[in-house]
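Survey of secondary and tertiary structure
Take a look at the letters that make up each chain.
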Amino acid sequence: MEDIEPLLKPIRQEIVYKRRWWLLLVFAISGFTQNVVWNTWGPIAQSAKEVFGWSDGQIGMFPNLGNIAFIFTVFLASYFMDEKGLRISVVICDALVLLAAGLRCITSIPKYASGLIYVSAVLNGIAGTALFAGPSLLALIWFPPNQRATATAISTFMAYAGFAVTFSIGPQLVSAPKYKTVETRDISGHSFNAVNGTTTTAPNISHNHTVLLNLDQLKGDIMRLMYYECGLAAIVFIAVLIYFPDKPPSAPSYTASVKRVNYLNAFCKLLTNGPLWLISLACAIPTGVYGAWGAVLDLILNPVGISQMEAGWIGFYATIAGGISCVFVARFSDIFMKHMKLFLMCLFLCGGGAIVWFTLICTKVLAFSTVQLYSSSILAGMFVNGGIALFYELCAETSYPVAEGVTGAFLTILNSTSGTVLLFVLQIPGIGTSWVNWAVVGCIGAGLVCLIIFPERYGRTDLDIAIRNYTDMVIDVPDLTVDNPTTNQADVGHSE
């Protein structure tokens, strides 16, 4: 039968390979790099506006274009990933990231650079398809059940780390605009009225002009940042070319050795799976909007007197906190399996409270304090992003036996859609940014409602546990052995 056709070589014992950690590292750094390129402009918005003549709406449009490109291509990419394998999918995506980064290195002349950067944003968005839809698939193919959430969390953490690095590295490498106010005076003059023969004297009129002092420096700084990002993309692309196989010789679990339903049937199952819609919306509405909020954090904090540099550090610490929290929560979930819904509800309750705190500070309802602004933002990142890996795994559990790549695509397309909606609203002339914080609070509330309604189930894990009752040995194969790991028992060790 098609549903039980082996995807990987079926085995009596679960076998894992030490090389899985290298593959996870390369895959995670690929997501890191794609996010660095995606979020280049938000943290240096004030400088970029001066160099290229952009508006706030254009700054928000660059990540939005990436989201739109992602939405229109992610299902095709997930099909390609499931049919052709992880290696070719990741190689293509990393090549697109390199091309996207390279286009921005060509020129800083505004009328040419703007068009190239628009194209770059689209290419980089397409590159995110396999890198964001694939973490659960990589975890399934290479990791045993008690390490899946942790592996997914590490990929997620590195993606968020890439997002965070832009908040620190961008403002560090690119100077803030420096202005000087110059006063000019019109020279007084005399005019003769020929009708009545009178002469009038015009008074001196003074004008104040703001002059940018460091335009050439800003251009040089931005181009240097482009070169660094392109260099990073080139290194990652070379690493993937050197070694990144599709799958191990033997599966790490029973469900990893079972072929999933075909693509058309999988798509139909996704659309008619009510619980999957609930858990996906519970993730996509809050985290998608929160991600878009982070991309324009400089624009949100600028009206309350926070500099580009300061906003960058706030975003950096919040994103790093979310990534670290994601790994710890996932590891905790691997230890105490089948309690993901409870963990996610607690995270959202705390995250919503942190965003409310942040909003009250920005609106001066609470006494304005930079320390409180940092604290509330870090806690918000820790709690809102801390459950991302659990959402990926819970979606895979709920949709089983649909392929993890297809499920990951479904989740990320909803996530990108919610973020895109927010960024599109910001394009409305004169709408401002003061409402965005409250929008994030409302979205977290909506996600919490979906979580409460969601009927928790673990179809994939329950099957693996049942099969594992027949054999509880997990073999960890050193990579120095030949591909058939059972031929040399002296080199075989137990799993961590």
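Residues numbered from 1 in each chain as written. Predicted model: local features only at pLDDT ≥ 70, side-chain atom pairs only at ≥ 80, totals over all residues. Heavy atoms only, no water.

Of the regular secondary structure elements, the protein chain holds 18 helices and seven strands. Of all 496 residues assigned to the protein chain, the portion counted as buried reaches 54%. Approximately 20500 Å² of the protein chain is accessible, and the part contributed by carbon and sulfur atoms is 67%. (Helix = DSSP H or I, 4+ residues; strand = E, 2+ residues; numbered from the N terminus. Buried < 20%, exposed > 50% of the residue type's maximum accessible area, 1.4 Å probe, protein only. Areas by Shrake-Rupley, 256 points an atom, 1.4 Å probe, with all protein chains shown as cover.)

Tracing the backbone shows Phe-454 in the loop between helix H17 (436–453) and helix H18 (459–468). In this structure, the C-alpha to C-alpha distance between Phe-454 and Leu-278, residues 176 residues apart in sequence, is 5.8 Å. Here Phe-454 is in contact with Pro-275, Leu-278, Ile-279, Lys-341, Leu-394 and Thr-398, once residues within four sequence places are set aside. (Contact = heavy atoms within 4.5 Å.)

Another point: the nonpolar core. Trp-41, Phe-52, Phe-244 and Leu-301 are the most contacted members of the largest nonpolar core, which totals 130 residues. For Leu-301, the residues in contact, after removing those within four places along its chain, are Ile-306, Ala-311, Ile-314, Phe-358, Cys-362 and Leu-373. Listed in part, the five residues of the second largest apolar core include Ala-28, Phe-32, Val-36 and Met-158. (Core = buried A, V, L, I, M, F, W, Y, C linked by side-chain atoms within 4.5 Å.)

Right, let's get into the packing of helix H1 (residues 20–38) against helix H7 (residues 148–173). Relative to each other, H1 and H7 sit at 30°, their axes nearing to 7 Å. Between H1 and H7, the angle falls in the class roughly parallel. Crossing hand, H1 versus H7: right-handed. Residues Trp-21, Leu-24, Phe-27, Ala-28, Ile-29, Gly-31, Phe-32, Asn-35, Val-36 and Trp-38 of H1 form the contact with H7, whose participating residues are Ala-151, Ile-154, Ser-155, Met-158, Ala-159, Tyr-160, Ala-161, Gly-162, Phe-163, Val-165 and Thr-166. Residues belonging to the contact of H1 with H7 are distributed by class as follows: 16 nonpolar, five polar and no charged. (Axes fitted to C-alpha atoms, helices over the stretch in contact; angles between N-to-C directions. Parallel < 35°, antiparallel > 145°, perpendicular 65-115°, else oblique. Left-handed = near helix turned anticlockwise from the far one by under 90°. Nonpolar A, V, L, I, M, F, W, Y, C, P; charged D, E, K, R; others polar.)

What follows covers the confidence of the model for the protein chain. Here the protein chain averages 80 in pLDDT, while 84% of its residues score no lower than 70. This stretch, residues 1–12, has a pLDDT under 50; its non-local contacts, to residues over four places away or in other chains, come to 31 contacts. A low-confidence stretch, residues 480–496 (pLDDT under 50), is modelled with 29 contacts involving residues beyond four sequence positions or located in other chains. (pLDDT = per-residue confidence, 0-100.)

Glancing now at the pattern of salt bridges. Scanning all chains against the criterion turns up two salt bridges. Two residues, Glu-229 and Arg-104, come together in a salt bridge whose shortest N-O distance is 2.2 Å. Separated by 125 residues along the polypeptide, Glu-229 in helix H8 (residues 215–242) and Arg-104 in the loop between helix H4 (86–103) and helix H5 (110–133) bring together distant segments of the chain. Neither residue differs from the other here; Glu-229 and Arg-104 are each classed as buried. (Salt bridge = Lys/Arg side-chain N within 4 Å of Asp/Glu carboxyl O.)

Here the focus is a nonpolar patch on the surface. Among the surface-exposed residues, Trp-22, Leu-25, Ile-238, Ile-242 and Tyr-243 lie close enough to one another that they form a single nonpolar patch of about 510 Å² accessible area. Put simply, the parts of the chain that give the nonpolar patch at least two residues each are H1 and H8. The residue Trp-22 is located in helix H1 in this model. Given a relative accessible area of 39%, Trp-22 falls into the partly exposed group. (Patch = residues over 30% accessible without salt bridge, like charges linked within 9 Å, V, L, I, M, F, W, Y side chains within 5 Å.)

So, on to the side chain of Ser-333. In this structure, Ser-333 sits in helix H12 (residues 308–335). In this structure, Ser-333 is in contact with Met-340, Phe-343 and Leu-390, ignoring residues within four places of it in sequence.

Attention now goes to the state of the cysteines. Under the counting rule described, the total for this entry stands at zero disulfides. Not part of a disulfide, Cys-395 finds its nearest cysteine sulfur in Cys-283, a span of 6.6 Å. Take Cys-395: its relative accessible area is 1%, and that puts it in the buried class. (Disulfide = S-S within 2.5 Å.)

To continue, consider the packing of aromatic side chains. Scanning all chains against the criterion turns up 16 aromatic pairs. Seen from their ring centres, Phe-62 and Tyr-118 are 5.0 Å apart, and the 45° between their planes marks the pair as tilted. Of the two residues, Phe-62 sits in helix H3 (residues 56–84) while Tyr-118 sits in helix H5, which places them 56 residues apart along the sequence. Tyr-118 gets classed as partly exposed once you look at its relative accessible area, which sits at 27%. Ring geometry for Trp-313 versus Tyr-317: centroids 5.7 Å apart, planes at 25°, classification stacked. Placement of both Trp-313 and Tyr-317 in helix H12 is noted, with a separation of four residues, approximately one turn of the helix. Looking at Tyr-317, the relative accessible area reads 37%, which means it is partly exposed. What links up through ring pairs into an aromatic cluster is the set Trp-41, Phe-52, Trp-54, Phe-62 and Tyr-118. (Phe/Tyr/Trp six-rings, centres within 6.5 Å; stacked < 30°, edge-to-face > 60°.)

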